[in-house]
Amino acid sequence: MTRLLLISILVFLCGQSHADEPLRVRQQEQDQIQVFRVGEKLPILTQHARADFRPYLHPIQAPDGRGLVTEFSPDHHKHQTGLFWGFTKLNGRDYFHHPGENYWRRVSAEVLKSEVVVSHDAVQWRTVYDLLDAQGQAVLRETQTWSMHEHQGKILLDLVWCGEAKTDVTVG
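Calculation notes
- Residues numbered from 1 in each chain as written.
- Predicted model: local features only at pLDDT ≥ 70, side-chain atom pairs only at ≥ 80, totals over all residues.
- Heavy atoms only, no water.
- Helix = DSSP H or I, 4+ residues; strand = E, 2+ residues; numbered from the N terminus.
- Buried < 20%, exposed > 50% of the residue type's maximum accessible area, 1.4 Å probe, protein only.
- Contact = heavy atoms within 4.5 Å.
- Pairing = 2+ DSSP bridges.
- Axes fitted to C-alpha atoms, helices over the stretch in contact; angles between N-to-C directions.

Quick look at the overall build of the protein chain
Piece 1. Helices and strands together make up the secondary structure of the protein chain, namely zero helices and nine strands.
Piece 2. If you list the helices and strands of the protein chain from N to C, you get β-β-β-β-β-β-β-β-β.
Piece 3. Split into buried and exposed, the 172 residues of the protein chain put 41% on the buried side.
Piece 4. The contacts of the protein chain with a sequence gap of at least 6 include a subset with a gap of at least 24, amounting to 53%.

Here it is in structure tokens:
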């Protein structure tokens, strides 16, 4: 039986920004997708999409360019990988605290819209991963579709999450 879950999350990253600069996305092979302000060399956001590790965003720059709003594996929470999504109990497995290969398998990672040309428009990318059971079989296929744009000094980051059950699924 297939069930779909839809979740939309909107994150506002506030701060005094440069100006509303157009954004562009560049994919580094399949493992990394980066968002840049047009004309700048450093990314303001990096999407990691390794084949054997959960997808996550890190680093995410503050809109004013002064510092990061994410951490990777801090001492107090080693499992944290920037901004990520994960169930603590899905068919008895903890995907939140286990980011590695025995839990996650990349299906695809792609840029959907690489440049913002019109004000209020957004760049967009997608990752698709299988969440694995203890035998390495897919339990759930998750699709994360991210959109990002800058408006009036705020960066708006939107996630639409969709899950497709590959077997009977119980979320605890």
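What to know about the sheet that holds strand β3 (residues 32–37)
Piece 1. Read across the open sheet, the four strands follow the order β2-β3-β4-β5; overall the sheet is antiparallel. Edge positions in the sheet fall to β2 (23–28) and β5 (56–60), since each has one partner strand and no second. Neighbour to neighbour, the strand axes of the sheet diverge by 20° on average, direction disregarded.

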